[in-house]
Amino acid sequence: MLPPALRVALERELTGTDQQRLAAAASGLSERYREGHSRTTAPFVQNAADVLAYAATRMPATLGAIKAACAEIAQRQPSFQPSTQLDLGAGTGAGTWAASQTWPSLHQHQLIERENTMLQLGQRLMQAGPTSLQQAAWQQANLPNTNNLGSYDLVTIGYVLGELNATQRQQLLTQAWQATSGVLLIVEPGTPRGFELILAARAFLLEQQAHLIAPCPHQQTCPLQANDWCHFATRIERTRFHRSLKGAELGYEDEKSSYVAVSRQASQRAQARVIRHPLHQPQRIQLQLCTPQGLISPTINKRDAQWKQARKAEWGDSFELNLSQD
Ligand SMILES: C[S@@+](CC[C@H](N)C(=O)[O-])C[C@H]1O[C@@H](n2cnc3c(N)ncnc32)[C@H](O)[C@@H]1O
């Protein structure tokens, strides 16, 4: 759910705007998003209506997906209490809101964004947030930046890699890792293309001796086959504006995303990750798990020690395999 203060600020921005124009912009964004905008040369967000449509229809989803990944990092590394964050390709600030909600310890945020219209709306929205967001530093710049980015406890790159060419991506990853003193989180759409970018980033970061935090329960080669992709779903509540702009009836949507989180410090990784919706049958549950030994599909019966855990397990959760039999 959107932070209430952000929701109010967003509604204030949208009130009185030309709904038809916004709806057309929202549908243009969806189309470019589905097509994989990296294949087009036009910028993803092209004008003021696009920026508002992005904030109304995409920002709640990107914020939700980034926040879900942050929650997983917090669970795996409870001692990680970042003070400083760098948000690259910040857009209207979703990654910064997500991190600030997860870690109240954050008090300094630096955001870098190329499009001035995105940056300005993001800045206005943050005035409704806590003091650290009101004081966030925004920089308009084209990444990868030739300047040294500095050093931050947390670096986030949300839904940006797909907008860069291969050279820019490589340079951005190099710079982002150099700027990371604690944790680097990268999130992309949960599509085959998004996962391909995550997988390439994962390989590069492991070469740099990064330690994987999540979602992978191991640092080996990803066991998923070429026609499959690792992604998760986050349920996003749709606001009134969101519903009317999309002409949607459902009060929610499921945002699919792929992510990788790495750290300078080794952390306790999950023993396994649930990579599909568990299949519930009478008296048994079938799970699809990624483990250090590869992909497995155990069936957990009611009398098994893992039954309780399996009943609660959801797609994307970690799963502990070695429970004591009691
Ligand atoms: C899909 S939006 C994601 C925004 C935000 N991170 C989020 O998760 O909602 C991608 C953002 O990356 C920005 N971007 C793309 N290429 C960039 C570049 N070379 N330098 C800086 N920002 C860039 C775009 O302007 C856009 O705001």
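Residues numbered from 1 in each chain as written. Predicted model: local features only at pLDDT ≥ 70, side-chain atom pairs only at ≥ 80, totals over all residues. Heavy atoms only, no water.

Colleague: Would you mind going over helix H8 (residues 192-207) in detail, with residue names and values included?
Modeller: Owing to its 3.6 residues per turn, the α-helix aligns residues three or four sequence positions apart on the same side. Across its 16 residues, H8 extends 23 Å between first and last C-alpha, which sits within 8% of the 22 Å expected from 1.5 Å per residue. Within the span of H8, buried status applies to Gly-194, Phe-195, Leu-197, Ile-198, Ala-201, Arg-202, Phe-204, Leu-205 and Leu-206. As for H8, its buried residues are in contact with helix H7 (166-178), strand S5 (180-189), strand S6 (211-214) and strand S8 (252-263). Positive phi shows up at Gln-209, right after H8, with a value of about 70°. (Helix = DSSP H or I, 4+ residues; strand = E, 2+ residues; numbered from the N terminus. Expected span 1.5 Å × (residues − 1). Buried < 20%, exposed > 50% of the residue type's maximum accessible area, 1.4 Å probe, protein only. Contact = heavy atoms within 4.5 Å.)

Colleague: Lay out the nonpolar core with the relevant residues and their values.
Modeller: Of all hydrophobic cores here, the largest spans 60 residues; its most connected members are Met-59, Ile-73, Trp-103 and Leu-185. It is helix H3 (residues 48-76) that provides the largest number of residues to this core, a total of 14 residues. Counting only domains with at least three residues in this core, you end up with domain 1 (4-263) and domain 2 (272-319). Among residues more than four places away in sequence, those in contact with Leu-185 are Ile-66, Ala-69, Cys-70, Ile-73, Val-155, Thr-156, Ile-157, Tyr-259, Val-260 and Ala-261. Counting residues in hydrophobic clusters, the runner-up holds 30 residues, among them Leu-161, Leu-164, Leu-212 and Val-262. (Core = buried A, V, L, I, M, F, W, Y, C linked by side-chain atoms within 4.5 Å. Domains from an automatic or database assignment.)

Colleague: Kindly report on the domain arrangement of the chain, identifying the contributing residues and their values.
Modeller: We note that the domain assignment places domain 1 (4-263) and domain 2 (272-319) within the chain. If you look at the interface, domain 1 gives 17 residues, while domain 2 gives 13 residues. Carbon and sulfur atoms supply 59% of the area that domain 1 and domain 2 bury against each other, a total of about 1,100 Å² over both sides. Together, Pro-217, Pro-223 and Phe-232 form the three largest contributors to the area buried by domain 1 at its contact with domain 2, with a combined 38%. Between domain 1 and domain 2 we count two salt bridges in total. (Buried area = accessible area lost by both parts, 1.4 Å probe. Salt bridge = Lys/Arg side-chain N within 4 Å of Asp/Glu carboxyl O.)

Colleague: Can you lay out the layout of surface pockets for me, pointing to particular residues and giving the numbers?
Modeller: Take a probe with the size of a water molecule and roll it over the atoms, and the empty space left behind shows itself. Of the voids in this model, the largest pocket is the one considered here, and its volume is about 590 Å³. Around the largest pocket, the lining comprises 24 residues; the ones closest to its centre are Ala-233, Glu-314, Trp-315, Gly-316 and Asp-317. Of all elements in the fold, only H3, strand S7 (232-237), S8 and helix H10 (307-312) reach the threshold of two or more residues within the lining of the largest pocket. In terms of residues, the lining of the largest pocket owes the most to one element, H3, which gives five residues. A class-by-class count of the residues in the lining of the largest pocket yields nine nonpolar, eight polar and seven charged. (1 Å grid on protein atoms, 1.4 Å probe; cavity = no way out; pocket = protein on both sides within 12 Å on 5 of 7 lines; lining within 4 Å. Points joined across faces, edges and corners; volume = space filled by probe spheres on them. Nonpolar A, V, L, I, M, F, W, Y, C, P; charged D, E, K, R; others polar.)

Colleague: Now, about the site of the ligand: what can you tell me, with residues and values included?
Modeller: Taken together, 20 residues lie around the ligand, and Tyr-54, Thr-62, Glu-113, Leu-143 and Gly-158 are the ones closest in. Taking Tyr-54, its side chain carries an N or O atom lying 2.6 Å from an oxygen atom of the ligand. Within the contact set of the ligand, an oxygen atom lies 2.5 Å away from a side-chain nitrogen or oxygen of Glu-113. Calculation on the ligand without its partners gives an accessible area of 590 Å², and the protein chains cover 98% of this total. (Near = heavy atom within 4 Å. Polar contact = N/O pair within 3.5 Å; in protein donor to acceptor, adjacent residues only side chain to side chain. Areas by Shrake-Rupley, 256 points an atom, 1.4 Å probe, with all protein chains shown as cover.)

Colleague: Explain unusual backbone geometry residue by residue, including any values.
Modeller: Of note, the bond from Leu-143 into Pro-144 is cis; its omega dihedral lies within 30 degrees of zero at -10°. Along the chain, the position of Pro-144 falls in the loop between strand S3 (137-140) and strand S4 (152-158). For the bond running from Ala-214 to Pro-215, omega is 0°, close enough to zero to count as cis. With respect to the helices, strands and loops of the structure, Pro-215 is situated in the loop between S6 and S7.

Colleague: So what's going on with the packing of helix H1 (residues 4-14) against helix H5 (residues 116-126)? Residues and values would help.
Modeller: Between two packed helices, both the angle of their axes relative to each other and the distance between the axes serve to describe the pair. Where H1 meets H5, the closest approach of the two axes is 9 Å, and the angle between their N-to-C directions is 130°. When the interaxial angle is binned, H1 and H5 end up oblique. H1 and H5 meet at a crossing whose hand is right-handed. For the pair H1 and H5, contact is made by Leu-6, Ala-9, Leu-10 and Glu-13 and by Leu-121, Arg-124 and Leu-125, respectively. (Axes fitted to C-alpha atoms, helices over the stretch in contact; angles between N-to-C directions. Parallel < 35°, antiparallel > 145°, perpendicular 65-115°, else oblique. Left-handed = near helix turned anticlockwise from the far one by under 90°.)

Colleague: Got a sec to walk through the sheet that holds strand S9 (residues 272-274)? Specific residues and values, please.
Modeller: Read from one edge of the open sheet, four strands run S13-S12-S9-S15, paired in antiparallel fashion. Single-partner strands in this sheet number two, and they are strand S13 (294-296) and strand S15 (318-319). (Pairing = 2+ DSSP bridges.)

Colleague: Describe the side chain of Thr-156, with residues and values.
Modeller: Among the structural elements, Thr-156 can be located in strand S4. Here Asp-87 takes part through its side chain, which lies 3.1 Å from a polar atom of the side chain of Thr-156. With sequence-adjacent residues up to four places away left out, Thr-156 is seen in contact with Gln-85, Leu-86, Asp-87, Leu-88 and Leu-185.

Colleague: Tell me about the packing of H3 against H5, and name the residues and values.
Modeller: Their axes nearest at 9 Å, the elements H3 and H5 cross at an angle of 60°. If you check the angle between H3 and H5, you find them oblique. Note that H3 runs across H5; the crossing there is right-handed. Each of Val-51, Leu-52, Tyr-54, Ala-55 and Met-59 in H3 lies in contact with H5, whose residues at this interface are Thr-117, Met-118, Leu-121 and Leu-125. Tallied by class, residues from the contact of H3 with H5 come to eight nonpolar, one polar and no charged.

Colleague: Can you break down the sheet that holds strand S14 (residues 299-301) residue by residue, with the values?
Modeller: Sheet architecture is open: three strands sit in the order S10-S11-S14, paired in antiparallel fashion. Of all strands in the sheet, those bounded by a partner on one side alone are strand S10 (279-281) and S14. Between one strand and the next, the sheet's axes are offset by a mean angle of 20°, whatever the strand orientation.

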